[in-house]
Amino acid sequence: HAACCGCLAACSHRLCLLTAGVGIQFGGMSSLGGRVVEAPMAESPAEAAGIGKGDRLLEIDDIPCESLTLDETTTLLRGPSGSSVSLLVAPAGPTQRPPRRFDLERRPLPQPAVKDAQLHLPDGRVVQYARVHYFSHETTVALAGLVAEAEAEGQAVAGYVLDLRNDPGGVFEEAVAIASLFEEPTRAVAETVRSGSSMVDVVWRPSILPTSSWPDVMAGPLTSKPLVLLVNGNTASASEVLAGALHDYGRAVLVGERTFGKGVVQYYFPMGDGSGLKLTVAKYLTPHYYDITRSGGLTPDIPCKDFPHGVLTHGTADRCVTSALSYIMTAPSPNPLSYSPLYASTDSDKL
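Summarised in this report is the structure supplied together with it. (Residues numbered from 1 in each chain as written. Predicted model: local features only at pLDDT ≥ 70, side-chain atom pairs only at ≥ 80, totals over all residues. Heavy atoms only, no water.)

1. Remarks on the sheet that holds strand β14 (residues 227-231)
What holds strands together in a sheet is hydrogen bonding between their backbones, with the strands either parallel or antiparallel. Sheet architecture is open: 6 strands sit in the order β9-β10-β11-β14-β15-β18, paired in mixed fashion. Only two strands of the sheet have a single neighbouring strand rather than two, namely β9 (114-120) and β18 (302-303). Relative to β18, strand β15 (residues 253-256) runs parallel, the two sharing 2 bridges. When the sheet's bridge partners are listed, Gly-256 is paired in β18 with Pro-303. (Pairing = 2+ DSSP bridges. Helix = DSSP H or I, 4+ residues; strand = E, 2+ residues; numbered from the N terminus.)

Here it is in structure tokens:
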């Protein structure tokens, strides 16, 4: 248990580090030229500008990326907070659209676990929106408090939108715990199956989590109101496991794009020369035995392509958020008795 807690603390610390830059995660070099963008960081200047997965970075301050190593690329993107950097970016896919130039301001990139807002419907009710940046204990605590407070408002809150776009995952056990906010804690969230066989190692349920770390996990779901999960090609790992479970049970509707397709258990072994070996030992299956990795991700119920904007950052309306609100506005209301707050307390230190 002590080792587990130490790992959780170290992971949360690593995820919350501040970086002065523009917030781009990179892959390898493209045969078409430039370095491939894997994903923009949540709430970053790159995401706000609309730079997305599959785009190709061609130049940084007029320096061709073809002549730069990955370390040199990331070094050039970093700099004093408030300074600017000029990027030439080619759009993803075989397109005839010309490259675009972006002048972005470098800034610290704090990554809080959750950012939230209440979005108004035409009928006077509100929808509770939460942007989930990664999964940590902070995420579980924040979402539990947020949902409990929203449920205290009764019928005024029509439903919930969890924005998992560009969420790479995080601590798997926290995704399991979060499922209990919306579904019965005794129901399976995922099964771990050994690599190369059909042998089940663990059936993951919120009810098997140690109460020393998650004391309220057995309190039952907080709400049965309509739930929408926003997903895209950068929704991965623990995010996909949570989305797959809630979708299998018919508890959530998926809006957006097909997810990344990574539902595996991996161990990392550092090597003496500074490199490392990543070994896949098992994979996760959803409650209905859907293989996220082999199937190439989760398919949305309502297709929509847009990047997160217009809710927590200034800009035009986010089409996927708009689709989510339209769904919730027309979804049938649950029995009033079924969504009264079940947690005895919303005090974060008790979760």
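2. Description of the pairing of strand β3 (residues 35-40)
The side chains of a regular strand alternate, first on one face of the sheet and then on the other. Inspection of the sheet shows strand β2 (residues 24-29) paired to β3 by 4 bridges, in the antiparallel sense. When the sheet's bridge partners are listed, Gln-25 is paired in β3 with Ala-39. The turn linking β2 back onto β3 is made up of 5 residues, and Gly-33 within it adopts a positive phi angle of 110°. Relative to strand β4 (residues 56-60), β3 runs antiparallel, the two being bridged by 2 bridges. Note that in β4 the partner of Val-36 across the bridge is Arg-56.

3. A closer look at the layout of surface pockets
For the second largest pocket, the calculated volume is near 640 Å³. Gly-50, Ile-51, Gly-52, Asp-55 and Lys-305 are the residues nearest the centre of the second largest pocket, which is lined by 25 residues in total. At the level of secondary structure, the elements contributing two or more residues to the lining of the second largest pocket comprise β6 (84-90) and β7 (100-105). Looking at the lining of the second largest pocket residue by residue, the classes come out as 11 nonpolar, 6 polar and 8 charged. (1 Å grid on protein atoms, 1.4 Å probe; cavity = no way out; pocket = protein on both sides within 12 Å on 5 of 7 lines; lining within 4 Å. Points joined across faces, edges and corners; volume = space filled by probe spheres on them. Nonpolar A, V, L, I, M, F, W, Y, C, P; charged D, E, K, R; others polar.)

4. Let's talk about unusual backbone geometry
Residues other than glycine seldom take positive phi values, yet Ser-237 does so here, at roughly 60°. Here Ser-237 lies in the loop between β14 and α6 (238-248).

5. Quick look at the packing of aromatic side chains
Within the structure shown, the criterion is met by 3 aromatic pairs. Seen in terms of ring centroids, Tyr-160 and Phe-182 are 6.4 Å apart; in terms of plane orientation they differ by 70°. Their pairing is edge-to-face. Taken together, the residues Tyr-160 in strand β11 (residues 157-163) and Phe-182 in the loop between α5 (172-179) and β12 (190-194) connect sequence positions 22 residues apart. We note that Tyr-160, like Phe-182, is buried. With 4.2 Å between their ring centres and 10° between their planes, Phe-172 and Tyr-284 make a pair best called stacked. Residue Phe-172 is located in helix α5, and its partner Tyr-284 is located in strand β17 (residues 276-285); the two are separated by 112 residues in the primary sequence. Between the NZ or CZ atom of Arg-187 and the centre of the ring of Tyr-249, over which it lies, the distance is 3.8 Å. (Phe/Tyr/Trp six-rings, centres within 6.5 Å; stacked < 30°, edge-to-face > 60°. Buried < 20%, exposed > 50% of the residue type's maximum accessible area, 1.4 Å probe, protein only. Lys NZ or Arg CZ within 6 Å of the ring centre and 35° of its normal.)

This is a description of form; function is not addressed.
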